[in-house]
Amino acid sequence: MAETLFYLLGALALAFAVGVVRARMPLFSVLSLLGSFFCLSGIYLLLGFPFLAATQLLVYAGAIMVLFLFVIMLLNLGDEAQLERHAGLSLSGRRLFVGGTAAALLGIVGLAAAQMNTTFVAGEVPQGRALDDLPTLAGLLFTRYMLPFEAASLLLLATMVGVIVLAKRQRGTSAVEAEAEAPALPAPPLSSGAPR
Amino acid sequence: MSPLLVTILKVLLIYGGVITLAAGMTLAERKVSAWIQWRIGPNRVGPFGTLQPLADGIKFIFKEELIPDGANKFLFRLAPVLAAAPAMMAIAVIPFAGEITLFGVHTTLSIADIPISALYVVAVSGLGVYGVILGGWSSNSKYSLLGGLRASAQMVSYELSLILAILSIVVLSGSLDLRAIVAAQAGGIQDWNLWRQPLAFGLFVIATFAETNRHPFDFAECEPELVGGFHTEYSSMKFALFFLGEYVAMIVMASMTATLFLGGPEVPFWHGAPWFVQLFAFLAKTSVFLFLFLWVRWTLPRFRFDQLMRLGWKVMLPLSLANVFLTGLVVSFF
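Residues numbered from 1 in each chain as written. Chains lettered and ligands numbered in written order. Predicted model: local features only at pLDDT ≥ 70, side-chain atom pairs only at ≥ 80, totals over all residues. Heavy atoms only, no water.

1. Digging into the pattern of salt bridges
Residues and elements named next belong to chain B. Enumeration according to the criterion identifies nine salt bridges over all chains in this entry. Note that Arg196 is salt-bridged to Asp191, the shortest N-O span being 3.8 Å. Overall, the relative accessible area of 38% leaves Arg196 in the partly exposed class. By relative accessible area, which is 23% here, Asp191 ends up partly exposed. Where Asp306 meets Arg310, a salt bridge forms, and the shortest distance between an N and an O atom there is 3.4 Å. Highlighted residues: Asp306 and Arg310, both in helix α13 (residues 305–333), separated by four residues, approximately one helical turn. Taken together, the shared-partner salt bridges connect Glu29, Arg214, Glu246 and Arg297 into one network. (Salt bridge = Lys/Arg side-chain N within 4 Å of Asp/Glu carboxyl O. Buried < 20%, exposed > 50% of the residue type's maximum accessible area, 1.4 Å probe, protein only. Helix = DSSP H or I, 4+ residues; strand = E, 2+ residues; numbered from the N terminus.)

Structure representation (structure tokens):
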């Protein structure tokens, strides 16, 4: 039963993943990715790790993919063919590029998986406790793996700060340009309580 | 009777009960609004209008179903399902009552008792945003698109405060299991999390209003500006599915409030009460919050969208973060 489910979910996840790169509309790519995440979450459940399954749904399906959908809808991206004139490469050229990158990534992941020692966490779980026991997982995350954990969060923080800085600078330059274009007018009051 | 059959029976009973409750809520909404506005409300169908939901359902089924030109037909059909399904899924872990013996099988009155049920409710109900956003986009109408975008921005923003409010309860109880959270409040009224976490309670209730797109945060619909918001173009049973999803989500959120802050099915001053008394206590606590949804809707005006965003990100989020931090401090040092 579990094995059948695993192969079913794995095949579905792969099919959805192919759908992500094959779909002509970006919106369907996002939805395919969502389906793929659902199948992955199911596989985590089969592995006896419900916490990871719920987190996968909460973080990826519930938050990140919504933001993806947002961007696609706000930019109103339609059929891929309509984007032709905006892109540097032709459609087939882009497909070749994407396919090549995907194949290279798959190769790297395969190599890493072949060399990986999969017992690296399980070896450190205290005797008689399972990794899906949340206090055990949290304990490991905040003691043994404190440094990688904090490094990852620091990286995310740096990204956020970087994005804000970039967005702010853009606004600043456009205000300067506006002033330069209309020097006769008095300078607009910047940051005078206007909603941001 | 085998345990599997008992589980199927529980599924049928609980979902039947919840959908009946949702239908009752549509009637309650019209009745309460009528009372607040000094009217009588629906009173033609059945005694005191009690069969009105049934009449509404039949009307929905017989209405013509329109799919607008230029709409994405696949997504247009998918969206109502995606709007209703997550709320239905979340019902599965709500602890309606404690232990119960059904046909000789000893079990608990909830469909599934999983060790991470609090996280499950949040994870699943967070998916409800897809129905709204896809319904808004696939209708190929500017009102729908604006409604869908606004609603999803709002749901994503307030989900953070919602999760953090739950997190402070989880820190206090030391478990993600709703049954364990209920057991931690078993001592009586003075043990309810409402007194230990008043700030989290306030934040949670406000966030549930935003999560279910109810007044004063109903930007998904916002009739004066957006006609009907994301479901402007929907008709017939597809519209009814959106409606059903909204009301079931309200029931989920109200029962979560009762579970997290009011001791769920625990009866005050009577620990170990029989299951029907517990079920009654649970429904009574839930109805308080269901009534609050209606009361607020017909009393308060709607926010402006920038006010909503400011409240979510600049008031609720810092407050809930501070609350989690303080709770952590108290739990570790006292």
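2. Here we look at the interface of chain A and chain B
Counting from both sides, the interface comprises 22 residues of chain A and, opposite them, 22 residues of chain B. The junction of chain A with chain B conceals about 2,000 Å² of combined surface from both sides, 86% of it contributed by carbon and sulfur atoms. When residues of chain A are sorted by the area they lose upon contact with chain B, Leu58, Phe70 and Met73 of chain A head the list and together hold 28% of the total. For the interface between chain A and chain B, the tally reads zero salt bridges. The interface formed by chain A and chain B holds one residue pair in polar contact (both at pLDDT 80 or more) in total. (Contact = heavy atoms within 4.5 Å. Buried area = accessible area lost by both parts, 1.4 Å probe. Polar contact = N/O pair within 3.5 Å; in protein donor to acceptor, adjacent residues only side chain to side chain.)

3. What to know about the environment of Val267 of chain B
Residue and element names in this part refer to chain B. Of note, Val267 is situated in the loop between α11 (236–261) and α12 (275–297). With a relative accessible area of 14%, Val267 lands in the buried category. Sequence separation between Val267 and Phe280 is 13 residues, and the spatial gap between their C-alpha atoms is 9.0 Å. In contact with Val267, other than residues within four places in its own chain, are Ala273, Val277, Gln278 and Ala281.

Structural measurements only, silent on function.
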